[in-house]
Amino acid sequence: MVTFSMALGTGFIPHFLQFQSLSPKFKFNSQSRKKRTPFLARNSNGNEPSPSSSNGSPSTTTLNNPFPGKPEADVVVIGSGIGGLCCAGLLARYNQDVLVLESHRLPGGAAHSFEIKGYKFDSGPSLFSGFQSRGPQANPLAQVLDALGESIPCVNYDSWKVYIPEGEFLSHIGPTEFFKDLEKYASLDAVREWKKLLDAILPLSAAAMALPPLSIRGDWGVLSTAAARYAPSLLKSFAQMGPQGALGATKLLRPFSEIMDSLELKDPFIRNWIDLLAFLLAGVKSNGVLSAEMVYMFAEWYKPGCSLEYPLHGSGAVVDALVRGIQKFGGRISLRSHVENIVVENGRAVGVKLRSGQFVRAKKAVVSNASMWDTLNLLPSHVIPKSYQDRIKMTPQCESFMHLHLGFDAEGIGEDLGIHHIVVNNWERGVDADQNVVLISVPSVLSPDLAPPGKHVLHAYTPGTEPFGLWEGLDRRSTEYKKLKAERSEVMWRAVERALGPGFNREKCEVKLVGTPLTHQRYLRRNRGTYGPAIQAGKDTFPGHSTPIPHLYRCGDSTFPGIGVPAVAASGAIVANSLVSVSQHSQLLSAVGI
């Protein structure tokens, strides 16, 4: 989940069995394209920059050029979120002419970074792992970056600070450290249940990690690129698990709570802690998250030698690396290019119309990295089947966010300050209750260049729990709006004061920015400021990447495999892979060594 915004890997072994065929009527020929000149351009067409970035500069170098190149491409990608950038990067790597159109003045979508008064802020993702992983079991984003020949220098660490009703402690990842925390803050029963859980699920990780995310595609070619190619490793994984483990692997597509129930885990602390981890990962509690995702996370966090990673120079470095990869292979990105609607002719998507009136033709496909609801609003209603419209409108949404971005002097702040802090005010209310959980990131602890010398940069937020209904219809310039901002941000201020200690003074902050669901809605172009679909495992599945409109596809957090950095990276890769031939896809897998 982009709420602590976990960018660890997710399990994909069972997922290729769920694909919805894209059934494209074309396949690109990688040999027919000529080498293209890369562009990253800023196009002025009426889209105003967000206040968070108006006084700063983007982390990625931009050019004040007009629209980059011809207003056409093989594939037009709407939105430069992680999913859209991964899709565009791989298509460029496949030697396709790809053009990304981004409404904002900065690339990255919810993962963009911005600078004010020398402070460089993350807007979303902050808790990462798996960037340095390679091979078949690597994080999906790491596999895409590897395919693009890009890497991200990171700082490694292994803990975060936890503030819960039972007390405060430094939570370490790894196979043994957490047992000490359980013994001190929970009970010996909690220790026994935690061990029981690890013993049961860690063997399942071999199955959850056996199929490389980059091998998935949305058509029957998956039988070649995934099933046949990795059949030996799949069979080996099941053989090593034995009959009992193989039986457990059948639960990977079920809610994780079913595994917990089958193990008769009853300790309140264990149940609450797992709900918290599930919510941070996927936006739902343990009764709604796929077991495969949780099993992969446990394998990443509770194995010997594991660590967390923070990108040097901030999360913007991730976006920069993807942009470089796109440009390296001749792809284009146009910023401040707001897509007004998707143009459909003769029943198929043929391009997009910008707010400026410019028509951009897509010769082969349009890929929307916008949410399912925002994509629907870009289409003429008469071309969309009512059943498709109804499903999207009936899909439940996660709530939105409150954000607090601060720049302040480090004087008086403890030198042992960690990068990440989680505050849970009340277990009984549930981790998905509003104003109950606050997440704090102080990335300048690990990457000092994000703040001026002797300063810190901080991002605090309520993770997808802020009700949009409280804000709907408010005028952002009104006294009522400003009063509500002050009231609803207080829980974050208190959490920050608790984490930073008495040396912190909110009045002395050099930068204070409060973001609301209306901020999310306006500047990230998110319907109702939502974090994404609130789809629960066992009750529904994330939609595939095809649409009823031929040559229109979707990627991002409202498509399979779901919410979170690894998931959206995988979704972008799946669409890109599906739009080229099986042979091209297989050649890429061989080229990156998976």
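Quick caveat: nothing in here was measured; it's all calculated off a predicted structure.

Visitor: Quick question: what am I supposed to make of helix α18 (residues 582-591) here?
Guide: A turn of α-helix holds 3.6 residues, and therefore any two residues three or four places apart point the same way. Of all the residues in α18, the buried ones are Gln584, His585, Ser586, Leu588 and Leu589. Each element contacted by the buried residues of α18 is listed here: α2 (82-93), α3 (140-147), α7 (222-228) and α17 (565-578). Note on α18: the residue one or two positions beyond its end, Gly593, has a positive phi of about 80°.

Visitor: Sorry, what's going on with the pairing of strand β15 (residues 359-368) here?
Guide: Along a regular strand, successive side chains alternate from one face of the sheet to the other. When strand β3 (residues 72-78) meets β15, the two strands line up parallel, connected through six bridges. By the bridge assignment for β15, Val76 is matched with Val366. Relative to β15, strand β14 (residues 348-354) runs antiparallel, the two being bridged by three bridges. Among the inter-strand pairings, Val352 is bridged to a residue of β15, identified as Val360. Two elements, β15 and strand β21 (residues 552-554), share three bridges in a ladder whose sense is parallel. Considered in β21, the bridge of Ser368 is made with Arg554.

Visitor: When you look at the packing of aromatic side chains in this model, what are you seeing that I'm missing?
Guide: Here a ring pair, both rings aromatic, is described through the centre-centre distance and the interplanar angle of the planes. Scanning the model with the defined rule gives 15 aromatic pairs in all. With a centroid separation of 4.9 Å and an interplanar angle of 25°, the aromatic rings of Phe169 and Tyr185 are classed as stacked. Placement of the pair is Phe169 in strand β10 (residues 167-172) and Tyr185 in helix α4 (residues 177-185), with a sequence separation of 16 residues. For the pair Phe169 and Tyr185, one class covers both residues: buried. Look at Trp194 and Phe298: their rings are 5.5 Å apart centre to centre, the planes differ by 45°, and that puts the pair in the tilted class. Taken together, the positions of Trp194 in helix α5 (residues 188-201) and Phe298 in helix α11 (residues 291-301) put the pair 104 residues apart, joining distant regions of the chain. You can call Trp194 buried: its relative accessible area is 1%. Through a chain of ring-to-ring contacts, the aromatic side chains of Phe169, Phe178, Tyr185, Trp194, Phe256, Phe269, Trp273 and Phe298 assemble into a single cluster.

Visitor: How should I be thinking about the side chain of Ser159 in this particular structure?
Guide: Assignment of secondary structure puts Ser159 in strand β9 (residues 159-164). Apart from the residues lying within four places of it in its own chain, the contact partners of Ser159 are Leu170, Ser171 and His172.

Visitor: I would appreciate a short explanation of unusual backbone geometry in the present structure.
Guide: A negative phi angle characterises most non-glycine residues, just as the trans form characterises most peptide bonds. The linkage connecting Phe560 with the following residue, Pro561, adopts the cis geometry, with an omega of 5°. Even without a glycine there, the phi angle at Gln435 is positive, about 60°. Under the relative-accessibility criterion, Gln435 is labelled buried at 18%. One non-glycine residue with positive phi stands out, namely His551, at about 70°. Of note, His551 is situated in the loop between α16 (517-523) and β21.

Visitor: I would appreciate a short explanation of the nonpolar core in the present structure.
Guide: Across soluble globular proteins, you tend to see nonpolar side chains buried next to one another. Core analysis: the largest hydrophobic core is formed by 127 residues, its most contacted members being Ile82, Leu141, Trp194, Phe256, Trp273, Met294 and Phe298. Top contributing element to this core by residue count: helix α10 (residues 268-282), with 11 residues. The residues touching Met294, leaving out its near neighbours within four places in the chain, are Phe256, Ile274, Leu277, Ala278, Leu281 and Val289. Counting 28 residues, the second largest nonpolar core, distinct from the first, contains Val438, Val491, Cys509 and Leu518.

Visitor: In this structure, what is going on with the pattern of salt bridges? I would like to understand it.
Guide: Side-chain pairs of opposite charge can arise where the charged atoms are in close proximity. Enumeration over the complete set of coordinates arrives at 26 salt bridges. In this structure, Asp261 and Arg271 form a salt bridge, with 3.1 Å as the shortest nitrogen-oxygen distance. Placement of Asp261 in helix α9 (residues 256-262) and of Arg271 in helix α10 is noted, with a sequence separation of 10 residues between them. We note a salt bridge from Lys455 to Glu510, for which the minimum N-O separation is 2.6 Å. Separated by 55 residues along the polypeptide, Lys455 in strand β19 (residues 455-466) and Glu510 in the loop between α15 (479-500) and β20 (511-515) bring together distant segments of the chain. Connected through salt bridges with shared partners, the residues Arg429, Asp434, Glu466 and Arg488 form a single ionic network.

Visitor: Just to check I follow, could you spell out the pairing of β19 for this structure?
Guide: Along β19, 12 of the 12 residues are buried, which leaves the element largely enclosed by surrounding structure. For strand β16 (residues 400-409) and β19, the ladder comprises nine bridges, and the chain directions are antiparallel. If you follow His405 over to β19, its bridge partner there is His459.

Visitor: For this particular structure, what's the right way to read the state of the cysteines?
Guide: A complete count under the given rule lists zero disulfides for this structure. For the unlinked cysteine Cys87, the closest cysteine sulfur is that of Cys555, found at 5.0 Å.

Visitor: Hey, could you run me through the packing of α2 against helix α12 (residues 316-328) in this one?
Guide: Two measures define how a pair of helices packs: the angle their axes make with one another and the distance between the axes. One way to put it is that α2 packs onto α12 with a least axis distance of 8 Å and a crossing angle of 25°. On the basis of the axis angle, α2 is roughly parallel to α12. Handedness of the α2/α12 crossing: left-handed. Across the interface between the two elements, Ile82, Leu85, Cys86, Ala88, Gly89 and Ala92 from α2 touch Val318, Val319, Leu322, Val323 and Ile326 from α12. Taken together, the residues of the contact of α2 with α12 sort by class into 10 nonpolar, one polar and no charged.

Visitor: What is the right way to read the packing of α3 against α17 from this model?
Guide: Two elements in contact, α3 and α17, have axes separated by 7 Å at closest approach and are oriented at 45°. Taken together, the axes of α3 and α17 are oblique relative to one another. Contacts from Pro140, Leu141 and Val144 of α3 reach α17 at Val565, Pro566, Ala569, Ala570 and Ala573. Taken together, the residues of the contact of α3 with α17 sort by class into eight nonpolar, no polar and no charged.

Visitor: Help me out: how do you make sense of the sheet that holds β9 in this one?
Guide: Paired through their backbone hydrogen bonds, the strands of a sheet run either parallel or antiparallel. One open sheet accounts for seven strands, arranged β10-β9-β17-β18-β19-β16-β20; its pairing is mixed. Among the strands making up the open sheet, the edge pair consists of β10 and β20. For this sheet the average axis-to-axis angle between neighbouring strands, irrespective of direction, equals 15°. Pairing between β9 and strand β17 (residues 420-424): three bridges, direction parallel. If you follow Val162 over to β17, its bridge partner there is Ile422.

Reading the values: rules and limits
- Residues numbered from 1 in each chain as written.
- Predicted model: local features only at pLDDT ≥ 70, side-chain atom pairs only at ≥ 80, totals over all residues.
- Heavy atoms only, no water.
- Buried < 20%, exposed > 50% of the residue type's maximum accessible area, 1.4 Å probe, protein only.
- Helix = DSSP H or I, 4+ residues; strand = E, 2+ residues; numbered from the N terminus.
- Contact = heavy atoms within 4.5 Å.
- Pairing = 2+ DSSP bridges.
- Phe/Tyr/Trp six-rings, centres within 6.5 Å; stacked < 30°, edge-to-face > 60°.
- Core = buried A, V, L, I, M, F, W, Y, C linked by side-chain atoms within 4.5 Å.
- Salt bridge = Lys/Arg side-chain N within 4 Å of Asp/Glu carboxyl O.
- Disulfide = S-S within 2.5 Å.
- Axes fitted to C-alpha atoms, helices over the stretch in contact; angles between N-to-C directions.
- Parallel < 35°, antiparallel > 145°, perpendicular 65-115°, else oblique.
- Left-handed = near helix turned anticlockwise from the far one by under 90°.
- Nonpolar A, V, L, I, M, F, W, Y, C, P; charged D, E, K, R; others polar.

These values are about where atoms sit, not about what they do.
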